Amino acid sequence: MNPALTELFEAARAAQARAYAPYSRFPVGAALRDAAGVVHAGCNVENAAYPVGTCAEAGAIAAMVVGGGRVIAELLVLGPGPALVTPCGACRQRIREFAGPEVLVHVADGTGVRAAFTLGALLPESFGPDNLGSRDPDPHA
Ligand code: THU
């Protein structure tokens, strides 16, 4: 694993250890690197009212935004095996807000990185900020 990916892996694993997942017992961590090279992490935070729970990716994105970041350069999600913990549909769209189709989404478990997909492969023909055309100012400015 290259050092940059190792940094994301370790950040996601540390975040996973903080996950609040008493209902699913499926702790997830996510880490992303923003355009400035800063790493932001998040974990899933479940709720007794089940649909109110949030995914790890949502937490990492919120951390990026509050830290001043606006562009995802690379992202890693880490969860328990044996199946790959690929981002849910809603999180693919959340990532799309701050990432183009070429951005890599790595999928890991506690033992290491198991797969990588481009966001374009996970969410083809997506609707993103550009699709709003001239009606909105640049959301990443
Ligand atoms: N989960 C994530 O946090 N990220 C994913 O990519 C997949 C699923 C969480 C949501 C819920 O708390 C638990 O994993 C089981 O679905």
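Description of the structure in this document.

Thresholds, definitions, all that
- Residues numbered from 1 in each chain as written.
- Predicted model: local features only at pLDDT ≥ 70, side-chain atom pairs only at ≥ 80, totals over all residues.
- Heavy atoms only, no water.
- Core = buried A, V, L, I, M, F, W, Y, C linked by side-chain atoms within 4.5 Å.
- Buried < 20%, exposed > 50% of the residue type's maximum accessible area, 1.4 Å probe, protein only.
- Helix = DSSP H or I, 4+ residues; strand = E, 2+ residues; numbered from the N terminus.
- Contact = heavy atoms within 4.5 Å.
- Pairing = 2+ DSSP bridges.
- Axes fitted to C-alpha atoms, helices over the stretch in contact; angles between N-to-C directions.
- Lys, Arg positive; Asp, Glu negative; His and termini not counted.
- Salt bridge = Lys/Arg side-chain N within 4 Å of Asp/Glu carboxyl O.
- Patch = residues over 30% accessible without salt bridge, like charges linked within 9 Å, V, L, I, M, F, W, Y side chains within 5 Å.
- Areas by Shrake-Rupley, 256 points an atom, 1.4 Å probe, with all protein chains shown as cover.
- 1 Å grid on protein atoms, 1.4 Å probe; cavity = no way out; pocket = protein on both sides within 12 Å on 5 of 7 lines; lining within 4 Å.
- Points joined across faces, edges and corners; volume = space filled by probe spheres on them.

A word on the nonpolar core. Among the nonpolar cores identified, the biggest contains 20 residues, and Leu32, Ile61, Ile72, Leu75, Ile95 and Ala99 are the most heavily contacted of them. Of all the secondary structure elements, the ones that give two or more residues to this core are β1 (29–34), α2 (56–66), β3 (72–78), β4 (104–109) and α4 (119–122). The leading source of residues in this core is α2, at four residues. Those residues in contact with Ile72, other than ones at most four positions away along the chain, are Leu32, Arg33, Ile61, Met64, Ile95, Phe98, Ala99 and Val103.

So, about the sheet that holds strand β5 (residues 112–118). Spatial strand order, β2-β1-β3-β4-β5: five strands in an open sheet with mixed pairing. The open sheet is flanked by β2 (39–43) and β5, the only strands paired with a single partner. Direction aside, the axes of adjacent strands within the sheet are offset by 20° on average. As defined by bridge partners, β1 adjoins β3 across six bridges and the pair is classed as antiparallel. By the bridge assignment for β3, Asp34 is matched with Ile72. Across the sheet, α2 touches β1, β2 and β3, and the angle it forms with β2 is around 140°.

Moving on, we get to the side chain of Glu46. Structurally, the position occupied by Glu46 is in the loop between β2 and α2. The buried charged residue Glu46 lacks any salt bridge partner; its closest oppositely charged side chain belongs to Arg25, at an N-O distance of 8.2 Å. Discounting chain neighbours no more than four positions away, the residues touching Glu46 are Tyr20, Ala21, Pro22, Tyr23, Ser24 and Gly53.

Next up on the list: a nonpolar patch on the surface. Judged by side-chain polarity, Tyr20, Tyr23, Val45 and Tyr50 come together as a nonpolar surface patch covering roughly 440 Å² of accessible area. Note on placement: Tyr50 falls in the loop between β2 and α2.

Inspection of every chain in the model, using the stated rule, returns four salt bridges. For the salt bridge of Arg33 with Glu7, the shortest nitrogen-to-oxygen distance reads 3.3 Å. In this pair, Arg33 sits in strand β1 while Glu7 sits in helix α1 (residues 3–16), placing the two residues 26 residues apart along the sequence. With relative accessibility at 12%, the residue Arg33 sits in the buried group. Among the ionic pairs, Arg114 bridges to Asp109, the shortest N-O distance being 3.4 Å. On the accessibility criterion, Arg114 (41% relative accessible area) is partly exposed. Judged by relative accessible area, Asp109 falls into the buried class, the value being 11%.

Below, the discussion takes up the layout of surface pockets. The space that makes up the largest pocket amounts to roughly 260 Å³. Along the walls of the largest pocket sit 18 residues, with Val28, Asn44, Glu46, Thr54 and Cys55 positioned nearest its centre.

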